[in-house]
Amino acid sequence: MHQNDIIELLQQQDTRGLTAFCQHYTPLLRYIVAPIVADAQEREACLSEVTMRIWEKSAQYSPKKGSWTAWITAIARNTALSYARKAARLPELSELTEQIASPEATPEEALLQKEREQAVMHALEQLSKKERILFYRKYYYMQPISQIAAELELTERSVEGKLYRLKKKLRVLLGGVFDV
């Protein structure tokens, strides 16, 4: 079944689309989630949640906003990050008190965060395609250096060197706005 057929079936909430989606895209989703969610049981639960989110939100997908693969990998990454944050917070839940600050950002913090995001996006646009790919693999998809090196057919040392030079270049491009 072709990608467009799968998308159409998912948007119609047809279970055949969900079955085809799982058969075709689970390896990609597992590839995205694995470096972020370490625990195997949590990883499987996360993959199930990713699949359900894609099923529920498939009507929101628009090819005008980006590719199907980019859309599903963004959902997978964001869901995996939520799982990782939840797992990191769980031991602390028993210690909750009324004095804990709200997790919501203040308006000033939200504005600063937006400005930082814009500065980073502008800096990333100035990088070469290879540098951007390396940046996204390491810092967006959180892939280990060993995996990046193996898939790009480089040594781990050369990947580390490239990342070092890339961070140095980004520091210059960002003009000391914040540490990379």
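Residues numbered from 1 in each chain as written. Predicted model: local features only at pLDDT ≥ 70, side-chain atom pairs only at ≥ 80, totals over all residues. Heavy atoms only, no water.

A.B. asks: Tell me about the packing of helix α2 (residues 15-33) against helix α3 (residues 40-57), residues and numbers included.
C.D. replies: With their axes 10 Å apart at the nearest point, α2 and α3 run at an angle of 135° to one another. Judged on the interaxial angle alone, α3 and α2 are oblique. Note on packing geometry: the crossing formed by α2 with α3 is right-handed. Residue-level contacts link T15, L18, F21, C22, L29, R30 and V33 of α2 to R43, E44, C46, L47, V50, T51, I54 and W55 of α3. Considered class by class, the residues forming the contact of α2 with α3 number 10 nonpolar, 2 polar and 3 charged. (Axes fitted to C-alpha atoms, helices over the stretch in contact; angles between N-to-C directions. Helix = DSSP H or I, 4+ residues; strand = E, 2+ residues; numbered from the N terminus. Parallel < 35°, antiparallel > 145°, perpendicular 65-115°, else oblique. Left-handed = near helix turned anticlockwise from the far one by under 90°. Contact = heavy atoms within 4.5 Å. Nonpolar A, V, L, I, M, F, W, Y, C, P; charged D, E, K, R; others polar.)

A.B. asks: Could you give an account of the side chain of T79, with specific residues and numbers?
C.D. replies: Relative to the elements of secondary structure, T79 occurs in helix α4 (residues 68-89). When neighbours within four sequence positions are excluded, T79 is seen to be in contact with C46, E49, V50 and R53.

A.B. asks: Before we move on, could you go through unusual backbone geometry and cite the residues and values that matter?
C.D. replies: Backbone geometry places M142, a non-glycine residue, at a positive phi of 55°. As for its placement among the helices and strands, M142 is situated in the loop between α6 (129-140) and α7 (145-152). The phi angle at E153 is positive, at roughly 55°, despite the residue not being glycine. Tracing the backbone shows E153 in the loop between α7 and α8 (156-174).

A.B. asks: So what's going on with the packing of helix α1 (residues 3-11) against α2? Residues and values would help.
C.D. replies: As a packed pair, α1 and α2 sit with axes 8 Å apart at the nearest point and diverge in direction by 135°. Taken together, the axis directions place α1 and α2 in an arrangement best described as oblique. α2 is crossed by α1, and the crossing has left-handed handedness. Between α1, through Q3, I6, L9 and L10, and α2, the contact on the second element is made entirely by R16, G17, L18, A20, F21, H24 and Y25.

A.B. asks: I'd like a rundown of the confidence of the model for the protein chain, residues and numbers included.
C.D. replies: For the protein chain, per-residue confidence averages 85 on the pLDDT scale, and 89% of positions sit at 70 or higher. By mean pLDDT, helix α5 (residues 107-125) is the weakest element of the protein chain at 85, and α7 is the strongest at 92. (pLDDT = per-residue confidence, 0-100.)

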